[in-house]
Amino acid sequence: MDVKLQGINKSFGNVSILEDVNLLFPSRKFVTLLGPSGCGKTTLLRMIAGLEEVSAGTILFGGREVNKLAPRDRNIAMVFQSYALYPQMTVRRNLGYGLRVRKTPPAEIDDAVERVARILEIDHLLDRKPAQLSGGQRQRVALGRAMVRKPDIFLMDEPLSNLDAKLRVTMRGELRRFHLDLNATTVYVTHDQLEAMTMSDLIAVMHKGRVQQFGTPEDVYSRPANLFVAGFIGSPPMNFLDGAIDLGRFKVREAALPLPPLASGVAPGLDAVIGVRPQDLSLVDTAGSDALTGKVSLVELLGSEKLIEVQVSDRKRISVQVHAATQVALGEKVHVRFSAQSTHVFDKRTEQSLLAEAAIGEARQ
Amino acid sequence: MSRFSFLSSDRAVGLLFIAPFVVTALVFMVYPIAEAIRMAFFNYNPLRPDLVSYAGMSNFEFIFSDPLFWSSFGQGTVWTLLSILFQTVFGVGIALLLHRKLFGMAIFRGMLLFPYIVPTVVIALIWRWIFNPEIGVVNYGLLSVGLIGEPIYWLSTPTMAMASTIMLNVWKYTPFVVICVLARLQSVPLELYDAAKVDGAGAFRRFLDVTLPQLREVLIVVIVFRTIWTFNKFEEIYLLTKGGPGTSTFNLAVYSFEQSMASLRLGVGAATGVVMMIMLMIGSVVYLRVAGFGNEEKEA
């Protein structure tokens, strides 16, 4: 079932939480609401669940308006950050609670609970209480409670944030697999861009109550629509340099860096910001107009790669990711080369992308 | 090892630190209880301290064969159970209301403490005026709206006197229950309610399946404390009805007082106290076991 959000606004008193959110989550897709804390992503999820009222706008499930429907009438299921398992009930009763409330015959409840418990490999825990389970097991029970009712829409609010790092990686894969098995539309909230990138079909990047960009993980990574998205997505974060556009090149200090094709109508001399990911920069032996020169101020070994910080001016450092075998010494003078096709250009004032293909992408939306 | 080294050891310093508590507890807790138990086995008339004699079990034999002891026990049990029942029901209900986030709720929460703060003697005297059949405001109000045709003798018929003492106790100590429950309510995770809503539970189901289980432990503790305090309660009954009319509102505390002070049988009064203590100890332990207090922690 697809989920359509039309002109959604939300405010608490005078404080505006969400402004003019328009999104379409296609049926059976895994969609992630991604953003820093306080961006409104959880509020938006709770509005889809019916736990929070909509101040203005319309929420449609498969074309049907659900604004006034109670959570129980929306056929949704939700996994909470704290799991919210009923502490006095056994795992079996936790899993079957939604069905019991809906007066499903006991035999059917038993079947559904056993089936879900088998899928999640928690069938040996059915008679325990939540307090007797590990974090990962609780997480599975919470998932199971959501799966047991076969909902149309699956909502998850940072479900992995209470797990340790290793388990989180395993669960990412499992969540994705369950999503494919369940055939439901999944809306997933996280502040972890890696989670969003690895699991999603589509990502809505949110900031200050607005959707900054909505697209595939590939889109938001390779074609960030604005400075916020560019800086938020990617690790290590993107380098930004201030300068001006001049004859299709980017003037910063002595260099004139090459730029990809810009959107039409970009005025010459416009103040701009370019962004380049550390992975897209390279160290070269000779200086040139497409390179900035500086001294190595920090070398971090990441494993198979090295992250090198180069001081290109008094106040500006840029980081370059190179192969771990590259030998660089602290204080060494290096040249950092920029390449046109991996450079992102943003208007310094509006912070919007100035790239030709970003403009096309926006028009498509 | 020399004597000096023990005095300066950590052990000696530790003993020094706990000594004040141990001494206080011995003087103010252990000694009075021990003295009461001792006195239960003696004949002791405070006006004739020279005639103290060992009584063996005769004080206990006396109370167990005294019909007034048994009727006091029965009335005390009724008064305790009904008081606790109403306090718990009202306490939970009021706590749920006060838990709502409404404008001005803080004022109501503050007012709530009022009955708990006012000294019992003041309350009891005011209630005696309120319930006065001729000039009391309750009868005046009921008569003037026509709910009753003639004055009700609130404190002078056995049933009404018992009801009045229970009302006073409920009125005064419900705030205690409210405060305990309210504190617990404020720490119930909100996500549990959200989860129950998504699961399809209506307001009543959410109360049964989320709120009540979370209140379980605090209610067990509150009920134990209130039971002990109420069963032993003396001043409310004595100040409001003096145990009357007749002996219809006697509980064991009033019985013990009457035996000690009016009949000058301190040994019998002490024996009553010992019996009450044993009853409450057995009752509390059985209740905590049956209610399963602390089981959750043990399982975890």
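Note that the structure is a prediction, hence the values are computed from the model and not measured.

Calculation notes
- Residues numbered from 1 in each chain as written.
- Chains lettered and ligands numbered in written order.
- Predicted model: local features only at pLDDT ≥ 70, side-chain atom pairs only at ≥ 80, totals over all residues.
- Helix = DSSP H or I, 4+ residues; strand = E, 2+ residues; numbered from the N terminus.
- Buried ≥ 20, exposed ≤ 12 C-beta atoms within 10 Å, placed from the backbone.
- Contact = placed C-beta atoms within 7 Å.
- Domains from an automatic or database assignment.
- Nonpolar A, V, L, I, M, F, W, Y, C, P; charged D, E, K, R; others polar.
- Axes fitted to C-alpha atoms, helices over the stretch in contact; angles between N-to-C directions.
- Parallel < 35°, antiparallel > 145°, perpendicular 65-115°, else oblique.
- Left-handed = near helix turned anticlockwise from the far one by under 90°.
- Expected span 1.5 Å × (residues − 1).
- Bend = angle between axes of the 7 residues up to and from the residue.
- Pairing = 2+ DSSP bridges.
- Core = buried A, V, L, I, M, F, W, Y, C linked by C-beta atoms within 7 Å.
- pLDDT = per-residue confidence, 0-100.

1. Quick word on the overall build of chain B
And then number 1: Per the secondary structure count, chain B includes 15 helices and two strands.
And then number 2: Principal-axis analysis of the C-alpha atoms places the extent of chain B at approximately 70 × 70 × 35 Å.
And then number 3: Out of the 300 residues in chain B, the part that is buried amounts to 29%.

2. Brief notes about the overall build of chain A
And then number 1: Looking only at helices and strands, one finds nine helices and 20 strands in chain A.
And then number 2: Dimensions of chain A, computed from the C-alpha atoms along their principal axes, are close to 75 × 45 × 35 Å.
And then number 3: The burial tally for chain A puts 41% of its 365 residues in the buried class.
And then number 4: The contacts in chain A between residues at least 6 apart in sequence include a share of 65% that link residues at least 24 apart.

3. Some words on the domain arrangement of chain A
Residues and elements named next belong to chain A.
And then number 1: According to the domain assignment, chain A contains domain 1 (3-227) and domain 2 (237-356).
And then number 2: Relative to domain 2, the C-alpha centre of domain 1 lies at a distance of 38 Å.
And then number 3: Counting residues at the interface gives four residues for domain 1, matched by six residues for domain 2.

4. With respect to the interface of chain B and chain A
And then number 1: Counting residues at the interface gives 16 residues for chain B and 20 residues for chain A.
And then number 2: Of all the secondary structure elements, the ones that give two or more residues to the side of chain B that touches chain A are α10 (190-199), α11 (203-231) and α15 (295-299) of chain B.
And then number 3: Per-element tally for the side of chain B that touches chain A: the top contributor is α10(B), with seven residues.
And then number 4: The residue makeup of the side of chain B that touches chain A, split by class, is seven nonpolar, one polar and eight charged.

5. Points about the packing of helix α2 (residues 91-101) of chain A against helix α4 (residues 135-147) of chain A
All names here are of chain A.
And then number 1: Two numbers describe how α2 lies on α4: the axes approach to 7 Å, and their chain directions differ by 30°. When the axis of α2 is compared with that of α4, the two are roughly parallel. As α2 runs across α4, the sense of the crossing is right-handed. Contacts between α2 and α4 involve V91, N94, L95, Y97 and G98 from the first element and V141, G144 and R145 from the second.
And then number 2: In the contact of α2 with α4, the residues fall into four nonpolar, three polar and one charged.

6. Considerations on α10(B)
Side chains that are three or four residues apart share a direction in an α-helix, a result of its 3.6 residues per turn.
And then number 1: Counting buried positions over the ten residues of α10(B) gives seven, a clear majority of the element.
And then number 2: For α10(B), the full list of buried residues reads L192(B), D194(B), A195(B), A196(B), K197(B), V198(B) and D199(B).
And then number 3: Packed against the buried residues of α10(B) are α1 (41-49), β6 (76-79) and α2 of chain A together with α11 of chain B.
And then number 4: G200(B) occupies a position one or two residues after α10(B) and carries a positive phi of about 105°.

7. Things to note about helix α9 (residues 158-185) of chain B
And then number 1: An ideal rise of 1.5 Å per residue puts 40 Å on 28 residues; α9(B) measures up with 39 Å between its terminal C-alpha atoms.
And then number 2: By the largest-angle criterion, Y173(B) marks the main kink of α9(B), which is about 40°, and a proline, P175(B), follows within four residues.

8. Some details on the sheet that holds strand β9 (residues 202-207) of chain A
All names here are of chain A.
And then number 1: Reading across from one edge, β6-β7-β8-β3-β9-β10 is the order of the six strands in this open sheet, with mixed pairing throughout. Two strands close off the open sheet at either side, each with one partner strand: β6 and β10 (210-215). Across this sheet, the average inter-strand angle for adjacent strands is 15°, counted without regard to direction.
And then number 2: In this sheet, β10 lies alongside β9 in antiparallel orientation, the contact comprising five bridges. Of the residues in β10, the one forming a bridge with M206 is V211.
And then number 3: Contacts between α4 and the sheet are confined to β6 and β7 (153-157), with β6 contributing the most and set at about 175° to the helix.

9. Here's the deal with the pairing of strand β12 (residues 249-252) of chain A
All names here are of chain A.
And then number 1: Across three bridges, the pairing between strand β11 (residues 239-246) and β12 is antiparallel. By the bridge assignment, D246 is partnered in β12 with R249.
And then number 2: The sheet contact formed by β12 and strand β13 (residues 255-258) spans four bridges and is antiparallel. Bridged to R249 within β13 is P258.
And then number 3: Between β12 and β13, which pair antiparallel in sequence order, lie two residues; one of them, R253, sits at a positive phi of approximately 50°.

10. Details of the nonpolar core
And then number 1: Counting 105 residues, the largest nonpolar core has I48(A), M78(A), L155(A), V187(A), A204(A) and V205(A) as the members making the most contacts within it.
And then number 2: Each of domain 1 (3-227) and domain 2 (237-356) of chain A contributes no fewer than three residues to this core.
And then number 3: In this view, A204(A) contacts L23(A), V31(A), L33(A), L34(A), V211(A) and F214(A); residues no more than four positions away in its chain are not counted.
And then number 4: Membership of the second largest hydrophobic core comes to 26 residues, among which are W127(B), F131(B), F250(B) and Y255(B).

11. Remarks on unusual backbone geometry
And then number 1: A cis geometry characterises the amide bond from S235(A) onward to P236(A), with omega recorded as -5°.
And then number 2: With respect to the helices, strands and loops of the structure, P236(A) is situated in the loop between α8 (227-232) and β11.

12. Re the environment of D347(A)
Residues and elements named next belong to chain A.
And then number 1: When you line up the elements, D347 lands in strand β20 (residues 344-347).
And then number 2: Separated by 121 residues in sequence, D347 and N226 place their C-alpha atoms 8.6 Å apart.
And then number 3: The residues touching D347, leaving out its near neighbours within four places in the chain, are L270, A272, Q352 and L354.

13. Concerning the sheet that holds β13(A)
In sheet architecture, strand pairing relies on hydrogen bonds along the backbone and comes in two forms, parallel and antiparallel.
All names here are of chain A.
And then number 1: Overall, antiparallel pairing links the five strands, which are arranged β13-β12-β11-β14-β20 in an open sheet. Each edge of the open sheet is held by one strand with a lone partner, namely β13 and β20. The sheet shows a mean angle of 45° between the axes of neighbouring strands, taken without regard to direction.

14. Concerning the environment of R64(A)
Residue and element names in this part refer to chain A.
And then number 1: Tracing the sequence through the fold places R64 in strand β5 (residues 64-65).
And then number 2: The class for R64 is exposed, based on 11 C-beta atoms found within 10 Å.
And then number 3: For the pair R64 and L125, spaced 61 residues apart in the sequence, the C-alpha separation amounts to 39 Å.

15. A word on the packing of helix α2 (residues 10-39) of chain B against helix α14 (residues 266-291) of chain B
All names here are of chain B.
And then number 1: Running from N to C, α2 and α14 point in directions that differ by 120°, and their axes come no closer than 7 Å. Taken together, the axes of α2 and α14 are oblique relative to one another. α2 and α14 meet at a crossing whose hand is left-handed. Contact residues: α2 offers A36, I37 and M39, while α14 offers L266, G267, A270, G273 and V274.
And then number 2: In the contact of α2 with α14, the residues fall into six nonpolar, two polar and no charged.

16. A closer look at the confidence of the model for chain B
And then number 1: The predicted model of chain B averages 86 in pLDDT, with 95% of residues at 70 or higher.
And then number 2: Among the prediction metrics, the complex's ipTM stands at 0.82, with pTM recorded as 0.78.

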